[in-house]
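Below, each chain spelled out in residue letters.
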Amino acid sequence: MTKVAQKRREGRLIRHRRVRKKIHGTAQRPRLAVYRSNKHLVLQVIDDDLGVTIASASSNEATQRAAGRGSNVEAATRLGQLVAERAKAAGVDKVVFDRGGFAYHGRIAAVATAAREAGLEF
């Protein structure tokens, strides 16, 4: 890992820890956690009190891989809608958004917008 990449990763982890101090998912309002890599996107709806994942969606799932690349805004929109549908099926209507230290821009913003439009309340 280059020095620049290492500094970016360390900065993101510092931001993530700072955000996580303030955000906590409960059974009534779980946390929608987003992880973004260069190739994929992973979304999880998490109840932090019990330590369980209620619903999840990933661009690495077979159906999502068949739908196209997982590293663009269109894939993020698809995943946002999918995780919202799965969360609503599990009985979750409200979540807190955990951007994971990533900037609220591009794929991260697309996930949030799609999940809101699919019926999740932030």
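Note that the coordinates shown come from a computational prediction; the quantities given were computed from them, not determined experimentally. (Residues numbered from 1 in each chain as written. Predicted model: local features only at pLDDT ≥ 70, side-chain atom pairs only at ≥ 80, totals over all residues. Heavy atoms only, no water.)

Caption draft 1: Summary view of the pairing of strand β1 (residues 31-36). Where β1 meets strand β2 (residues 41-47), 6 bridges bridge the pair, whose relative direction is antiparallel. Looking at the pairing, Arg36 lines up with Leu41 of β2. Of the pairings in the sheet, the one linking β1 to strand β4 (residues 96-98) comprises 3 bridges and is parallel in character. Considered in β4, the bridge of Arg31 is made with Val96. (Pairing = 2+ DSSP bridges. Helix = DSSP H or I, 4+ residues; strand = E, 2+ residues; numbered from the N terminus.)

Caption draft 2: Up close: the pattern of salt bridges. Enumeration over the complete set of coordinates arrives at 5 salt bridges. Taking the shortest distance from any N to any O, the salt bridge between Asp48 and Arg20 comes out at 3.7 Å. With a gap of 28 residues between them, Asp48 in the loop between β2 and β3 (52-58) and Arg20 in helix α1 (residues 3-22) connect regions that are remote in the sequence. On the accessibility criterion, Asp48 (18% relative accessible area) is buried. Look at Arg20 and you get partly exposed, because its relative accessible area is 27%. Arg86 is the partner of Glu61 in a salt bridge, and the nearest nitrogen-oxygen pair spans 3.0 Å. Linking Glu61 in the loop between β3 and α2 (62-67) with Arg86 in helix α3 (residues 73-89), this pair joins segments that are 25 residues apart in sequence. (Salt bridge = Lys/Arg side-chain N within 4 Å of Asp/Glu carboxyl O. Buried < 20%, exposed > 50% of the residue type's maximum accessible area, 1.4 Å probe, protein only.)

Caption draft 3: Summary view of the side chain of Arg31. Turning to its location among the elements, Arg31 is positioned in strand β1. Judged by relative accessible area, Arg31 falls into the buried class, the value being 8%. Polar contacts involving the side chain of Arg31 include one to the side chain of Asp48, which spans 2.9 Å. When sequence neighbours within four positions are dropped, the list of residues in contact with Arg31 reads Arg20, Ile23, Gly25, Gln44, Val45, Ile46, Asp48, Val96 and Asp98. (Polar contact = N/O pair within 3.5 Å; in protein donor to acceptor, adjacent residues only side chain to side chain. Contact = heavy atoms within 4.5 Å.)

Caption draft 4: Expanded view of the side chain of Asp98. Within the fold, Asp98 resides in strand β4. In this structure the side chain of Asp98 is engaged in a polar contact, spanning 3.0 Å, whose partner is the backbone nitrogen of Gly100. If we ignore the near neighbours within four places in the chain, the residues touching Asp98 are His16, Val19, Arg20, Ile23, Arg31, Leu32, Ala33 and Val34.

Caption draft 5: Up close: the sheet that holds β3. The sheet built from 4 strands is open, its strands ordered β3-β2-β1-β4 with mixed pairing. Looking at which strands have only one partner, the edges of the open sheet turn out to be β3 and β4. Sheet twist, expressed as the mean angle between neighbouring strand axes with direction ignored, is 20°. Across the sheet, α3 touches β1, β2 and β3, and the angle it forms with β3 is around 150°. Across the sheet, helix α4 (residues 107-117) is in contact with β1, β2 and β4; its angle to β1 comes to roughly 145°. (Axes fitted to C-alpha atoms, helices over the stretch in contact; angles between N-to-C directions.)

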